[in-house]
Amino acid sequence: VPDVPGSIEKVVWDAADATVFVISDGTSLFPYVYTQVAVGGSMVRRLGNLSLGTNGELLIDPVATPIPHGHSIVMLYDGSICTQTPSGVISTQGARLKSHDNLLRVPGDPADREQQCFLQNLSLNRFVAAFKVAVALDSKEVWMALGRRALECLDIASAMKAYRQVPSPGMVQFLERASLIEDRQLLSGHIALVFGLFKDAQSLFLSSCQPEAALDMNCDLMQWDQALHLARSFAPNRLPDILLKSAVQLEAKGEKHVALQHYEQALLPEANDKEAQTHNNLCQAGIARSAIQLGDLARGVTIAKQLRDERLCKDCAASLESMKQFTEAAELYEMAGLFEKAAALHIQDLNFEAAAPLMKKVSTPKLHQQYAKAKEGRGAYREAMQAYEAARDGDNVVRILLDHLNEPQRAFQIVRETQSVSGALLVAKYCEKQRNIRAGIEFLFLANQDDEAFKMACQHDEMEVYEKVLGDTEDKKRHIQIAEHYEKKNMLAKAAKHYGICDEYSTALKLYLKCGERELDAAIDLVAKSRNATLIDQLVDFIRGDSDNVPKDKHFEYKLQYALGNFLHAVGIALMIAQREEEAGNYKAAHALLLKTYRDLESQKLGVPMDLWRQLMILHSYILVKRLVKNGDHTNAALMLLRVAQNIQRFPAHMVPILTSVVIECQRAGIKDQAREYACVLMRPENRSLIAEQYKRKIESIVRKGAASQAEPFSENTAPCAYCGMDSLAESTLECPQCQNISPFCVATGLRVLRNDWAACPSCHFPARYSAFQACAQAEGACPMCSAPLKPGEVQMVSDVTQALETAKQLLAPPMRDV
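A brief structural summary.

**Comments concerning the packing of aromatic side chains**
- This structure, assessed with the given rule, holds 14 aromatic pairs.
- Taking 5.4 Å as the distance between ring centres and 45° as the angle between the ring planes, the aromatic pair formed by Tyr 622 and Phe 651 counts as tilted. On the criterion of sequence distance, the pair formed by Tyr 622 in helix α34 (residues 610-630) and Phe 651 in the loop between α35 (634-645) and α36 (655-669) is long-range, its members being 29 residues apart.
- Classification of Phe 651 by relative accessible area gives buried; the value is 0%.
- Through pairs of rings, three or more aromatic residues link up here, namely Tyr 598, Trp 613, Phe 745 and Phe 766.
- Cation over ring: Lys 361 sits above Phe 339, and NZ or CZ is 4.5 Å from the ring centre.

**Section: the layout of surface pockets**
- Of the voids in this model, the largest pocket is the one considered here, and its volume is about 840 Å³.
- Considering the residues around the largest pocket, the lining is formed by 32 residues, among which Lys 588, Ile 623, Leu 624, Lys 626 and Arg 627 are closest to the centre.
- Among the secondary structure elements, those contributing two or more residues to the lining of the largest pocket are α33 (587-603), α34, α36 and α39 (693-708).
- For the lining of the largest pocket, the leading source of residues is α34, giving 8 residues.
- A per-class count over the lining of the largest pocket returns 18 nonpolar, 6 polar and 8 charged.
- Here the second largest pocket defines a volume of roughly 340 Å³.
- Around the second largest pocket, the lining is made up of 18 residues, and of these Tyr 598, His 765, Pro 767, Ala 804 and Ala 808 lie nearest the centre.
- Taken together, the elements giving at least two residues each to the lining of the second largest pocket come down to α33, β13 (758-760) and α41 (802-811).
- When residues in the lining of the second largest pocket are grouped by element, the largest group, 4 residues, is from α41.

**Section: the sheet that holds strand β8 (residues 72-77)**
- If you trace the 3 strands from one edge of the open sheet to the other, you get β8-β9-β10, paired in antiparallel fashion. One side of each edge strand has no neighbouring strand; the edge strands of this open sheet are β8 and β10 (90-91).
- In this structure, strand β9 (residues 80-84) lies alongside β10, joined through 2 bridges in antiparallel fashion. Paired with Gln 84 across the bridge in β10 is Ile 90.

**Section: unusual backbone geometry**
- Here Val 166 and Pro 167 are connected by a cis peptide whose omega angle stands at -10°.
- Among the secondary structure elements, Pro 167 is positioned in the loop between α4 (156-165) and α5 (169-178).
- The phi torsion at Met 222 lies on the positive side, around 55°, for a residue other than glycine.
- Position of Met 222 relative to the elements: it lies in the loop between α8 (212-220) and α9 (224-234).

**Brief notes about the pattern of salt bridges**
- Per the stated rule, a full pass over the model turns up 35 salt bridges.
- A salt bridge links Asp 600 to Lys 596; the nearest nitrogen and oxygen atoms lie 2.9 Å apart. With Asp 600 and Lys 596 both in helix α33 and 4 residues apart, this pair spans about one turn of that helix.
- For Lys 596, a relative accessible area of 41% gives the class partly exposed.
- For Glu 780, the salt bridge identified is with Arg 627, shortest N-O distance 2.5 Å. With Glu 780 in the loop between α40 (770-779) and α41 and Arg 627 in helix α34, this pair connects stretches of sequence that are 153 residues apart.

**Structural notes on the nonpolar core**
- In this structure, Phe 443, Tyr 466 and Leu 539 are the most contacted members of the largest nonpolar core, which totals 123 residues.
- Here this core takes 7 residues from helix α23 (residues 437-446), the largest share from any one element.
- When neighbours within four sequence positions are excluded, Leu 539 is seen to be in contact with Leu 509, Leu 513, Leu 520, Ala 523, Ile 524, Val 527 and Leu 560.
- In this structure, Ile 648, Leu 682, Cys 786 and Leu 812 belong to the second largest nonpolar core, which totals 76 residues.

**Regarding the environment of Val 89**
- Residue position: Val 89 is located in the loop between β9 and β10.
- Taking the C-alpha atoms as reference points, Val 89 and His 71, 18 residues apart in sequence, are found 9.6 Å from one another.
- Val 89 has contacts with Thr 83 and Gln 84, leaving out every residue within four places of it along the chain.

**Some details on the pairing of strand β5 (residues 48-52)**
- Taken together, the 5 bridges between β5 and strand β6 (residues 58-62) define a ladder with antiparallel strand orientation. Note that in β6 the partner of Leu 52 across the bridge is Leu 58.
- Between β5 and β6, which follow one another and run antiparallel, lie 5 residues, and Gly 56 among them has a positive phi close to 85°.

**Some words on helix α13 (residues 297-307)**
- For α13, every residue scored as buried is listed here: Gly 300, Val 301, Ile 303 and Ala 304. Down the axis of α13, the sector holding all buried residues measures 165°, keeping them to one side. Among the exposed residues of α13, those oriented more than 90 degrees off its buried face are Ala 298 and Gln 306.
- Just downstream of α13, Arg 308 is the residue with a positive phi angle, here 55°.

Conventions adopted
Residues numbered from 1 in each chain as written. Predicted model: local features only at pLDDT ≥ 70, side-chain atom pairs only at ≥ 80, totals over all residues. Heavy atoms only, no water. Phe/Tyr/Trp six-rings, centres within 6.5 Å; stacked < 30°, edge-to-face > 60°. Helix = DSSP H or I, 4+ residues; strand = E, 2+ residues; numbered from the N terminus. Buried < 20%, exposed > 50% of the residue type's maximum accessible area, 1.4 Å probe, protein only. Lys NZ or Arg CZ within 6 Å of the ring centre and 35° of its normal. 1 Å grid on protein atoms, 1.4 Å probe; cavity = no way out; pocket = protein on both sides within 12 Å on 5 of 7 lines; lining within 4 Å. Points joined across faces, edges and corners; volume = space filled by probe spheres on them. Nonpolar A, V, L, I, M, F, W, Y, C, P; charged D, E, K, R; others polar. Pairing = 2+ DSSP bridges. Salt bridge = Lys/Arg side-chain N within 4 Å of Asp/Glu carboxyl O. Core = buried A, V, L, I, M, F, W, Y, C linked by side-chain atoms within 4.5 Å. Contact = heavy atoms within 4.5 Å. Arc of directions from axis to C-beta.

Structure, rendered in structure tokens:
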């Protein structure tokens, strides 16, 4: 019994609670509580003022309850005191022990009184009553205290209820397992372990039915000396594992000698299974590390190489590196897969033969650079250059190529690709020594030595090279210098080009015009760029010959107007040029010019004048004839020739041959009336002598027989109008008399394009009949209009032609009446 008073008059047990008793010294009462079942056995605790510790432990400050002078206690009932006066009278004045004065909870009590009620019930091990008060208080601190006190009394059920309220799932799971333990000493040991009472826990475990639990605890606490002592006593089979773990801890603490001994002792004599082999490998790894750190390098390195464990090799290599044993460290780093570390140590140790095979596996530029410098110092320039390349050190690569390997062209290419200033300077100096002026200019410019490059270009008359490297750089000062240089050399076109770049348009145009007609295209581009009215008038006068009485080709005026955006004016000129080409018999040239003009207007989303469309349509109809005749389609060829014959005045150079073809093809196609009509035209005196002899008799026969014959009239195929659907409209007729719209013509046949047979060229976008265009792609592989290559797979049927018809309608001016 703790804290017993100096004099004891009597001891009285509580009649209501057999675990409570008081000791009286005649003046005061000292209360105690007896716990029969507790951690470590039964115990007696003195009662008093109560409070909670930081970990939920119950703190008791012993306090005595005084009794009146001369009174003596005769009975104790649930904390209430009954005394006898000196006169023998029994006194029951409601006096209570201070440890019981707040034992009963009254609803509405303040929080501090409820707290004391909870603590007094807890101190008396009345867990049911304490739980009810704890529900009212409902704080984590209260539940932790209740759970702890219940555990101290080995009341697992009450403890689980309390820890569920905390909540503490881990503690609840532990208690569920603990509830299955029947041995009180073993259970007490586990609970003492939870409270951190390790010495008490060990004593309890050792006195339990499972003393090995004490060994487990020491292993968990990493108290290896104590664990080894216990293992030798009753678990020798666990010694190897404990020795291994002890060795690891000792190694970490720096106690290498003892660690090595433990590693050696932990080795199993026989390793028949995988687990035993793993254990021995760990021991061997520890022996290797410890041996190296203790200076036994040969043993440690040999074991590490035998085990071939990457982690072990890395650790041993690090130790060897710190000991300046670079060769062995590099070998182990290589086995660990750390090739860069291995290569670095080989290079540091000047062991380049060993480093060479590793360099392919190294990506660090610094290492490659170190290796390259070492190789260069030994005269191995090719290997040094390759190492510099791997280090991405382009300047040193260039230097070695120029100074040692004599491969200047490769050095030039590297500098051009990398645009390295320092590399370019190296190459420029090399070129200067080799008198390679053109390359020297280029690389001086790349090296930002602009003035030196220009000076060299002037001195050696290599300004073209300087122009090329200068490119489109908008350095007006430099372009002026180039222009002045060319002007002094009387290279006026080149001078004008650079004046134009500097916006010196007047000077540039003046020089262009001095060059005459060969530089007119450049002059047109210059004037279009300047948009200067004075310069435009000056150029127009020159083209028309007003300034020098030498009119220039009309093509130049067309190009000028188009470049200035005067598209309608350009169309007028294009028509004039085309008419002139037609008169000269250059029909393909006229066709190409009209097509280009048409597409230019289309790209600018401008309307196409009817004269342009009509002239292009007639020319294309004539060009199609040869192809149609070749394919044996004489009817279609005759219809195209009849269209041309109606506009024969546009073909004065070949009027008779064309009319001859009209007669021949109409005769073949059965169009007798038109054949006789144009045969009569050919028989006129002004034409008769021009007819080819091979056709003259045939044409005369047609004229003579035509008057007497009664040939059936020719009936051309008809198809609906694509716009209004009018039937009985001849396929070669483009204008519909009903809706007055002009349908697009097919570039493959010259006939009207049909709604249900519509395609378009993927290059020039002109419409065509799908069936005819597909056949054209298969037979000729080119578009008849623009001559662009055409594959059958590129010809696509247009299912909805509404948009195409609307576009064609908007593109053309009011319909022609005589198509």
